[in-house]
Amino acid sequence: MSAAESGSESGAETSPRAGLQNLRAIYMNGVCSQAMDSLTTGAILVGLALELGASNMIIGVIGAIPFLANLFQLPAIFLIERVQDRKKVVVWSAILGRSCWLAVAFVPLLYPSPTALALLIGAVTLRYSFGAFTACAWNSWLRDLIPTESLGRFMGFRLFLMTAAAVLVGLGAAALIDLWQGDPARLSLYAIFFVVGGLFGVAGAVLYGQVPKAPLCAQEVANIGLTVKRNRLASPFRNRNFRSLMSFLATWHFAANLATPFFVAFMLTKLGYELTFVILLTLFSQAVTAASFKIWGRYADNFSHKGVMGTCGGIFVFCLLGWTFVSFPERHAYTTHLLFVLHGLMGLAIAGINLTTSSLSLKLAPPEEATSFLAVNSMVNSAAAGCAPLIGGLLADFFAERQLSLVLRWRSLNGTLDFNTFIIGHWDFLFLLAFLAGLFALNRLSRVEEPGSQDPDNLLRELMVDTSQALRTLSSLDGLRDTVSAPFVMAMNLIKRP
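These numbers come from a predicted model, not from an experiment.

Draft legend 1. Representation of the nonpolar core. Leu48, Leu120, Trp252, Met267, Trp323 and Leu339 are the most contacted members of the largest nonpolar core, which totals 131 residues. Of all the elements, helix H7 (residues 114-145) adds the most residues to this core, at 13 residues. Leu48 has contacts with Val104, Val107, Leu120, Leu187, Tyr190 and Phe194, leaving out every residue within four places of it along the chain.

Printed below as a string of structure tokens:
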């Protein structure tokens, strides 16, 4: 019996691969969703939390909520089983979840009581709890809509549009913050951001309704119904290759989220930068990300998603190490320059990481069990990513008054002279631990097998040719080329190592 006959997602729009030009609503939904995130997450969310008196631990909790809330994808599977209409689940859960941002408009009225911070945390929790239902249904729906052979280019273009929207909306937000600098009514500006962001989110949820339906695979409908009776949630762990993928993604999300949620707090508190400058740095990174999606999408389709992930992951983990030199041990003359370099490189890497981590999961999930495989994968990754900011917050507080230094001492008849050659303290410990965790995660990637992929060396050679041609217009120094190629080479060695 067909999916349409079983009553699941039947309707006129049941041709999942018919004409990607009819999926324009997916692109517009991504733009609205990213505009919402630009006004309600990142530097703006952390900035508002700090204005309300949040500690490092609270910042860690706020960073963990989006990931831990994804554990609600388990009941989402059961809801999809009962409703058998992913479109309905996506639209209504998105509307309910994104409307929660509108509650933040009451924060200025409740400040300075602790209730204001509690309201913010509550809005974040509800937003992402409903978002878990949206993600569970949307991931498998998208898996059935987009042909595997064009997945890299499609996701790359969608992410490009989303990042472009983030840059434009972020520039407007930064300009407004600049105008309200030092104004006692600054909390009201934050509230306005969240209200406008919530409206963008609801508009994106409505756009979900314009996306063509894709029928659940008949076998998948049966499998979802047996999720509990036959322990279908264990299926991803019995699939060796998908288990290896989950192992890699879990360790990677832990490493990436151990330190990154604290970058904004670090720049605002330790380095003393204004929120406007931090937002501009974020926009610069997102602009680089937007410009890189097309490049990485082409490499992913022509060579392998795994190779792109390894290369971009190598760049990212070296950037984590680079954050230890931003304050050495305090803000110095090259801090601003180094921040721009790190944000640029991280923007380049994040484009490939975001593209391939989602695409690899979609590519390796069996079509007949896509919903359960993707949901379990998301829950495992969310648990790892959610624990990371909590541990990071504890570590940030633990290392707050601790320092490790390497001192060279010169003693003569005239006295003793000490040189501090290596100093790490407080946030530096967190960045260094994240770097080590990232290297371990990249090694886990070597166990993942991607069907139809080429030897990573082919991707490396192509990258080296393209990089060399680009650098030739900037410099003729061989040393510079060797320096730029180092992360590529190390990443390839890590993902090839069994």
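Draft legend 2. Spotlight on helix H15 (residues 305-322). For H15, with 18 residues, the first-to-last C-alpha span of 26 Å sits near the 26 Å given by 1.5 Å per residue. A large share of H15 lies buried, amounting to 16 of its 18 residues.

Draft legend 3. Layout of the packing of aromatic side chains. For the coordinates displayed, the defined rule picks out 22 aromatic pairs. Judged by centre distance (5.9 Å) and plane angle (65 degrees), the rings of Phe266 and Trp323 are edge-to-face. Placement of the pair is Phe266 in helix H13 (residues 263-270) and Trp323 in the loop between H15 and helix H16 (335-364), with a sequence separation of 57 residues. The same class applies to Phe266 and to Trp323, which are both buried.

Draft legend 4. Geometry of the confidence of the model for the protein chain. Per-chain confidence: the protein chain averages 79 in pLDDT, with 81% of residues scoring 70 or above. Below pLDDT 50 for its whole length, residues 225-230 participates in eight contacts with residues either more than four positions away or in separate chains.

Draft legend 5. Just the packing of helix H5 (residues 86-99) against H7, in detail. One way to put it is that H5 packs onto H7 with a least axis distance of 8 Å and a crossing angle of 150 degrees. The angle between H5 and H7 falls in the class roughly antiparallel. H5 and H7 meet at a crossing whose hand is left-handed. Side by side, H5 and H7 meet where Arg86, Lys87, Val89, Val90, Ser93, Ala94, Leu96, Gly97 and Arg98 of the first sit next to Leu126, Arg127, Phe130, Phe133, Thr134, Ala137, Trp138, Ser140, Trp141 and Asp144 of the second. Looking at the contact of H5 with H7 residue by residue, the class counts come to ten nonpolar, four polar and five charged.

Draft legend 6. Molecular detail of the pattern of salt bridges. Taken as a whole, this structure holds one salt bridge when the rule is applied. Here Glu449 ties to Arg240 by a salt bridge, and the two come within 3.0 Å at their closest N and O atoms. Taken as a pair, Glu449 in the loop between helix H18 (427-444) and helix H19 (456-472) and Arg240 in helix H12 (residues 240-259) lie far apart in primary sequence, 209 residues in all. On the basis of relative accessibility, which here comes to 45%, the residue Glu449 falls in the partly exposed class. Given the relative accessible area of 43%, Arg240 is considered partly exposed.

Rules used in this analysis
Residues numbered from 1 in each chain as written. Predicted model: local features only at pLDDT ≥ 70, side-chain atom pairs only at ≥ 80, totals over all residues. Heavy atoms only, no water. Core = buried A, V, L, I, M, F, W, Y, C linked by side-chain atoms within 4.5 Å. Buried < 20%, exposed > 50% of the residue type's maximum accessible area, 1.4 Å probe, protein only. Helix = DSSP H or I, 4+ residues; strand = E, 2+ residues; numbered from the N terminus. Contact = heavy atoms within 4.5 Å. Expected span 1.5 Å × (residues − 1). Phe/Tyr/Trp six-rings, centres within 6.5 Å; stacked < 30°, edge-to-face > 60°. pLDDT = per-residue confidence, 0-100. Axes fitted to C-alpha atoms, helices over the stretch in contact; angles between N-to-C directions. Parallel < 35°, antiparallel > 145°, perpendicular 65-115°, else oblique. Left-handed = near helix turned anticlockwise from the far one by under 90°. Nonpolar A, V, L, I, M, F, W, Y, C, P; charged D, E, K, R; others polar. Salt bridge = Lys/Arg side-chain N within 4 Å of Asp/Glu carboxyl O.

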